[in-house]
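Fold and contact review
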Amino acid sequence: MIDECLVAEFRIEGDDCPLARATSEAAVTVDAAAPQLRTDGNVLLRFSAPLDEQLATVLDRDERIRYLHVTGGDDASTYRCLSKHPCVVHELVDEGFLVESMQYSEGGATMRGAVVGYDVLRGVMEKAGQTVGITLQRVYPLRADEDEPIGRAWDLTPAQEESLRVALELGYFTIPRQRTADEVAAELGISKSAFLERLRRAQQSLLQTIFGEAI
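These remarks concern the structure in this document. (Residues numbered from 1 in each chain as written. Predicted model: local features only at pLDDT ≥ 70, side-chain atom pairs only at ≥ 80, totals over all residues. Heavy atoms only, no water.)

A closer look at a negative patch on the surface
Residues E91, D94, E95 and E126 make up a contiguous surface patch of negative charge. Looking at D94, the relative accessible area reads 68%, which means it is exposed. (Patch = residues over 30% accessible without salt bridge, like charges linked within 9 Å, V, L, I, M, F, W, Y side chains within 5 Å. Areas by Shrake-Rupley, 256 points an atom, 1.4 Å probe, with all protein chains shown as cover. Salt bridge = Lys/Arg side-chain N within 4 Å of Asp/Glu carboxyl O. Lys, Arg positive; Asp, Glu negative; His and termini not counted. Charge placed at Lys NZ, Arg CZ, Asp CG, Glu CD. Buried < 20%, exposed > 50% of the residue type's maximum accessible area, 1.4 Å probe, protein only.)

As C-alpha cells, then:
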C-alpha cells in the first residue's frame, strides 16, 4: 500500500482551451471548478471572475462554447456553459491527478491537486509535457489536517479560502488593521473589488454554516 500523498501545483501554458484563450484576450483572472467531461465528449464548465464585459464577449464568440449563462453579483460574475473542447486537465486526471482548484490568467492555468506518490507525479508531468508547457511550482506531502480542506468543511470556494487565509496572515482582520484591502488584493494578484466580493461571499458562507440558513 502506498500511503504517500502529495499536494502539487502546476502552471500550464499552451493549452488552447476556451478559458485559457479568453484570459489571454481579457485581462481578468478566472477561478474554475474542475471541468466535468461528459460521455459525449463535451465539457461542463463552472467558473467565476470579477465583473468584465470583455470576458463574456470573448466567450460568447468562441464557437466551442455553447449555452453560456452568466449570473452577476456586486463585483463578480458566475459563469456556466458547455464546451466542445476538452481541457488538458482531463488527461492529467487520467494519469492520477486529483484536481482541487484551477485558476486561469494571461492565457495559462494554475492547477492545484493531489497525487499518490512520486511515480504518479512523474506520469502527470510527462503526460502534460507531451501537449503543453508545464512547470511544477511546488509539491509537498499532504498533511493529515488537509484530508478535509477547510474550504470544503465550511462551504468555501478555493478562491474564497485563499483570500481569507492571506487576509488573516497579512493582518487585515487585526485591530487596528495592519494592511488595507488594496494591499491584500495586490498580494492575491486580483483587484480590490474582486477581493472584497470574495470576502463577503466567504463571510456569508461561514455565517450560514454557523447560524443556519435562516440568517
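Quick notes on the pattern of salt bridges
Inspection of the entire model under this criterion finds 13 salt bridges. R64 is the partner of D16 in a salt bridge, and the nearest nitrogen-oxygen pair spans 3.8 Å. Separated by 48 residues along the polypeptide, D16 in the loop between β1 (5–13) and α1 (18–25) and R64 in the loop between α2 (53–61) and β5 (65–72) bring together distant segments of the chain. On the basis of relative accessibility, which here comes to 37%, the residue D16 falls in the partly exposed class. The closest approach of N and O atoms between D119 and R122, which form a salt bridge, is 2.1 Å. (Helix = DSSP H or I, 4+ residues; strand = E, 2+ residues; numbered from the N terminus.)

Quick look at unusual backbone geometry
Cis peptide bonds are those with omega within 30 degrees of zero, and the linkage from I175 to P176 qualifies with -5°. Positive phi values are uncommon outside glycine, yet E106 reaches one of about 50°. Structurally, the position occupied by E106 is in the loop between β7 (98–105) and β8 (108–116).

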